[in-house]
Amino acid sequence: MSPRQERGRGKGRRSGATPRSGSGSGGGGRRSGSRDGGGGSGARGGTLSRRDRPANARDAVADLLAERLGFRGFSGLVEEEAASAAEEAEARDVPRRDLTALATFTVDPATARDFDDAISAQREGKGWRVWVHIADVAAHVRPGSPLDMEALNRANSTYVPGTVEPMLPHSLSSGACSLSPGVERLAVTAEIEIDADARPTRTTFYRSRIRSDARLDYDQLDRVFDGREEAPIEVAEPLEAARDVAAALGEHREGSSLDVESAEPEFEFDADGNVVAAHRVPQTEAHRLIERLMILTNERVAEFLVDRRVPAVYRVHAQPDPPRIERLLEQLGALGVPTPPLGQGLSPRSAGQMAADASRLARREAQRRGHGQAAYTSLVLRSLKQAAYSETNSGHAGLASDAYLHFTSPIRRYPDLLVHRALLAALGEGEEAPTLGEAREVSAYSSAQERESAKIERDADDICAAYLLETELGERGLDTEFQGEVSGVIRAGAFVAFEGELGDVYEGMLPARTLPGGRYELDREEVSMIGSGEGATALRLGDPVRVKVTGVEGERGRVDLELTGGGGKPGRAGKPGRGGKPAAGGKPARGGKRASKGKKPRGRRSGENG
């Protein structure tokens, strides 16, 4: 996924390394939601009415943030320091290259308020020269200051539908550190020379002063690429050069990294805070352009710091365990999805390559069938280890990178800010490098906060989707049937992702006890629910189904469903794909983990922030 699709990273309950200081305390545990399973207390065929429930989705999300974050807003001291930071940054006597005459543009969602990266590009012979400008947050946030300690304490900005709890006060995050069009801003620039084979040949880093000429959004850029709209004249040539180099970078990386994409939900609100529409935003060429340039920049910074042995925070993703990949091939094969040939004696690295190959085959099969992409992607991601921050570089398997870190979003991620300090210190640009101990502490703490923030983001999405579904049922009637796909199976039932007229982001639970035909069991690959009685059905991951809603709890993000059509005959199974073999004796292969009762297995997010 693109960097912008990862803007929801933030913090939840405190865990991991202890921050140096800062305000706020952890909130409560995970909210129950549509993925908790079970029958719920919603009336059959209707929606749930609760006393003291939030009046609308915006209020419900605000309650979630207050509960889980334990705070909202910043102290007066931090706000005051942030307000004066821009003037103090300008007054610092550090050398900067004046790039204000260089044609520069930003690309972000239409609703974005903070712009932490900007692009310049030009053709040079058969290759390219690309400038990636990142907001110079290190110039505004001094180590050990109250502002710095508060940023560390938060670790990330938390983006949820309709609002954000930023890592930095708005005077910085959407003000002095935001690369807004038409105003001069302080930046750190990576100037990268790239040859005709999309290989970087030389990279220079330095502090700069830039001025963005155009603020583009993803939809606008896709219209430009489709020929439906003209690019702003001042950035037309650099935009075309950036498009060409991004395409070349994609071809160069093709085949070695995972081929997984997620469509992120986007919600629309009215003036009263009610959700009025929602849709999933797929990754387009515009997203891929920015993602590929950000990945390239992150890799170049990581290689520079590794070569100079400067302590820093790296983004690491270990190679998968071979038994988990063998299990993945069994699961995909049971669904009739083609899989790569399974060799003998898989090493972790060859298992990683096999996962990448399987991801491409699964994606193509989903496109051929017209359904199942989200379910197959989730299987692939669940077979992998989780990416995290570390003071030790060990590479990033999902991106096929030998050295990787996060450098491109210091407005919203503390590890990026620490990496900026490390890079600028190595360049002699007036910053102090972090110690190894500080890098270790920040890595552990930020990894924990990131995991919690992902839960907050998902739960907020569930809440907004449930509120919208209540509205849709009110307009269309409680007996409305919806078309969807099986998105998960556990012992307690099946999960179904479905769409309606107001949104395509709904998901709910089909309790096993309500399915026709008596007792249901998971198959040995744990990709199907199969009934054993008269009139029973079989529900496989990715199968199209029709459902009705039997209960909704908006403030909990919980939806209960009833099956009205779809599914297959008991015992139906796809033929194993090439290389996919059932586990002997009907038991999960080593590394296969059964889903916990009542909770949907979650796929991990992947991409620039994987």
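Up top you'll find the structure we're talking about.
A short tour of the structure in this document, coming up. Remember, it's a predicted structure, so these values are computed and weren't measured experimentally.

Observations regarding the environment of Glu507
Of note, Glu507 is situated in strand 16 (residues 506-511). Owing to a relative accessible area of 10%, Glu507 belongs among the buried residues under this scheme. Here the alpha-carbon distance between Glu507 and Arg558, two residues 51 residues apart in the chain, equals 8.6 Å. For Glu507, the side chain forms a polar contact with the side chain of Ser487, separated by 2.5 Å.

A short note on the packing of aromatic side chains
The way to describe two aromatic rings as a pair is by their centre distance and the angle between their planes. Under the defined criterion, the tally for this structure stands at four aromatic pairs. Ring centres of Phe205 and Phe304 lie 5.4 Å apart, and the angle between their planes is 70 degrees; on these two criteria the pair is classed as edge-to-face. Of this pair, Phe205 sits in strand 8 (residues 200-211) while Phe304 sits in helix 7 (residues 285-308), and the two are 99 residues apart along the sequence. The class of Phe205 is buried, set by a relative accessible area of 7%. Three or more aromatic residues joined by ring pairs form one cluster here, namely Phe482, Phe498 and Tyr506. Against the face of Tyr206 rests Arg97, its NZ or CZ located 3.8 Å from the ring centre. One Lys or Arg, Arg154, reaches over the ring of Phe74 and ends 3.7 Å from the middle of that ring.

Some thoughts on the packing of helix 3 (residues 146-154) against helix 11 (residues 414-426)
For the pair helix 3 and helix 11, the least separation of the axes is 9 Å and the interaxial angle reads 130 degrees. One way to sum up the angle between helix 3 and helix 11 is to call them oblique. Residue-level inspection shows Asp148, Ala151 and Leu152 of helix 3 in contact with helix 11, the latter providing Tyr414, Leu417 and Arg421. A breakdown of the residues in the contact of helix 3 with helix 11 according to their chemical character gives four nonpolar, no polar and two charged.

About the criteria used
Residues numbered from 1 in each chain as written. Predicted model: local features only at pLDDT ≥ 70, side-chain atom pairs only at ≥ 80, totals over all residues. Heavy atoms only, no water. Helix = DSSP H or I, 4+ residues; strand = E, 2+ residues; numbered from the N terminus. Buried < 20%, exposed > 50% of the residue type's maximum accessible area, 1.4 Å probe, protein only. Polar contact = N/O pair within 3.5 Å; in protein donor to acceptor, adjacent residues only side chain to side chain. Phe/Tyr/Trp six-rings, centres within 6.5 Å; stacked < 30°, edge-to-face > 60°. Lys NZ or Arg CZ within 6 Å of the ring centre and 35° of its normal. Axes fitted to C-alpha atoms, helices over the stretch in contact; angles between N-to-C directions. Parallel < 35°, antiparallel > 145°, perpendicular 65-115°, else oblique. Contact = heavy atoms within 4.5 Å. Nonpolar A, V, L, I, M, F, W, Y, C, P; charged D, E, K, R; others polar.

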